[in-house]
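Topology and contacts: notes
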Amino acid sequence: MDEELRQLEARALRRSRRVVRGAQGPEVEIDGRMLVCLGSNNYLGLAADERMILGAISALAEVGAGAGASPLLGGHMEDHDALEREIASWLGAEAALLFGSGWHANVGVVSALVGPGDEIFSDRLNHASLIDGCRLSRATTRVYAHRDVDELERMLAASKARRRLVVTDSVFSMDGTCAPLERIVDLAERHEAWVLVDEAHATGVFGATGAGLVDELGLGDRVALRMGTLGKALGGYGAFVAGARETVELLLNRARAYVFSTALPPSVVAAARIAIGIARRESSRRERLWRHARRLRAGLVAAGLDVPPLESPIVPLVAGDSRDALAWASRAFDAGVWAPAVRPPTVPEGTARLRLTPMATHSDLHVERAIDVLVAAAGATGGKAA
Ligand SMILES: Cc1ncc(COP(=O)(O)O)c(C=O)c1O
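Source: prediction; values computed, not measured.

Points about the sheet that holds strand 9 (residues 225–229)
Reading across from one edge, 4-10-9-8-7-5-6 is the order of the 7 strands in this open sheet, with mixed pairing throughout. Two strands close off the open sheet at either side, each with one partner strand: strand 4 (95–99) and strand 6 (140–144). Taking each pair of neighbouring strands and ignoring which way they run, the sheet shows an average axis angle of 20 degrees. Examined bridge by bridge, strand 7 (residues 164–169) and strand 8 (residues 194–198) share 5 bridges and lie parallel to one another. For Thr168, the partnering residue across the bridge sits in strand 8 and is Val197. In the packing of helix 4 (residues 102–113) onto the sheet, the strands contacted are strand 4, strand 5 (119–123), strand 7, strand 8, strand 9 and strand 10 (239–243), and the crossing angle to strand 9 comes to about 165 degrees. Sheet contacts for helix 5 (residues 128–137): strand 5, strand 6, strand 7 and strand 8; angle to strand 7, the most-contacted strand, approximately 160 degrees.

Okay, structure coming up:
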């Protein structure tokens, strides 16, 4: 084990954690210093929202700390049931099912829908949890190049499998790109495949009410399932899948990550109900989030940094080498910005980066400061600044 850790160290791939003190806000306290936080998925700034905190406290006081059991053995309580109905209505789906986390949901759903002899078609940049779900299912997985619908079409046309499932993130977590969902859905219909869309980074962020990219594109009725997380833009913890009633019913019976795991704590569920209400009503949060992301990218590009066009509020600043990304992050840290380096295997070899995510509760000043710090850090570490 020691040797393995040493090897990771030698390749600048050994990971460690920083301890955050206090709440997850637009600034976070690390090592006694307040830093502008560009490292979270707390897009709408809800993680420390007072309304959610009070809702969670009152659920704790009324019904206690835990659900006490898996959902089928009595852990499915009134708030869980109400939250599932609210999610279904928000997304315009027939039914929804709660999971412990997005990771649980993806692993549970993929392995429940397909098995040996079936085929899965998966974008190369899909999240690790979808990849793990594919592995666990023991179906044959065909990986197409990122967003390459022509390759996907060739694969689907050649498939003789009894069941076909296309799995894709709607917003890719490390690149901020969006999947060509309309094309994917068209192809899937033509080739009789189901589509599972992971909306982890689209929930709360896309759509007039924050219901996600599938909703924004009006594709809700044409995808078999949408997975969304409660722990990113919605500021809490947990996840859901939504789709047709019989699909959800099948998952309730078959998804092992659902059946064999304790239901979410009632306080977490109560907070999620409040978060969804806020996400639906307060579109100004989404507008601020997008405005900050646009300004952040524009400021970096104006300084000569290489940043791809904005498709979501995730702004990738690719350094290439892991050592460069670490040095860049470390200089930003010293200058007051929390923008951790993301390295392989989270991203492909040679594409280590800072993954920058503003939040709705940042001020304009936070964003300007972050731009100045990141540009200076890039220049000083041989980044791609002109
Ligand atoms: C695209 C994507 N899917 C799924 C997940 C897993 O969600 P959770 O953090 O709720 O387990 C993540 C989280 O990092 C993600 O980025």
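From this point on, the discussion continues.
A look at the pattern of salt bridges
As enumerated under the stated definition, the model contains 22 salt bridges in all. For Asp49, the salt bridge is made with Arg285, and the minimal N-O distance between the two is 3.5 Å. Of this pair, Asp49 sits in the loop between strand 3 (33–37) and helix 2 (50–63) while Arg285 sits in helix 12 (residues 283–302), and the two are 236 residues apart along the sequence. Comparing Asp49 with Arg285, the two get one shared label, buried. Across the pair Asp132 and Arg135 runs a salt bridge whose closest N-O atoms are separated by 3.5 Å. Taken together, the residues Asp132 and Arg135, both in helix 5 and 3 residues apart, mark about one turn of the helix. Salt bridges here are not isolated pairs; linked through shared partners, they connect Asp49, Arg51, Glu282 and Arg285.

Quick notes on the domain arrangement of the chain
When its domains are assigned, the chain resolves into domain 1 (10–44 + 283–380) and domain 2 (50–281). Taking only C-alpha atoms, the centre of domain 1 and the centre of domain 2 are 26 Å apart. Of the residues lining the interface, 20 residues belong to domain 1; the matching set on domain 2 comes to 27 residues. Both faces combined, the contact of domain 1 with domain 2 buries some 1700 Å², and carbon together with sulfur accounts for 53% of it.

Structural notes on the packing of helix 2 against helix 11 (residues 266–281)
Where helix 2 contacts helix 11, the two axes come as close as 7 Å, and the packing angle between them is 150 degrees. The orientation of helix 2 with respect to helix 11, classified from their angle, is roughly antiparallel. Considering the relative orientation of helix 2 and helix 11, their crossing is right-handed. Along its contact with helix 2, which presents Arg51, Met52, Gly55, Ala56, Ala59, Leu60 and Val63, the element helix 11 presents Pro266, Ser267, Ala270, Ala271, Ile274, Ala275, Ile278 and Arg281. Among the residues forming the contact of helix 2 with helix 11, the class breakdown is 11 nonpolar, 2 polar and 2 charged.

The rules we used
- Residues numbered from 1 in each chain as written.
- Predicted model: local features only at pLDDT ≥ 70, side-chain atom pairs only at ≥ 80, totals over all residues.
- Heavy atoms only, no water.
- Pairing = 2+ DSSP bridges.
- Helix = DSSP H or I, 4+ residues; strand = E, 2+ residues; numbered from the N terminus.
- Axes fitted to C-alpha atoms, helices over the stretch in contact; angles between N-to-C directions.
- Contact = heavy atoms within 4.5 Å.
- Salt bridge = Lys/Arg side-chain N within 4 Å of Asp/Glu carboxyl O.
- Buried < 20%, exposed > 50% of the residue type's maximum accessible area, 1.4 Å probe, protein only.
- Domains from an automatic or database assignment.
- Buried area = accessible area lost by both parts, 1.4 Å probe.
- Parallel < 35°, antiparallel > 145°, perpendicular 65-115°, else oblique.
- Left-handed = near helix turned anticlockwise from the far one by under 90°.
- Nonpolar A, V, L, I, M, F, W, Y, C, P; charged D, E, K, R; others polar.

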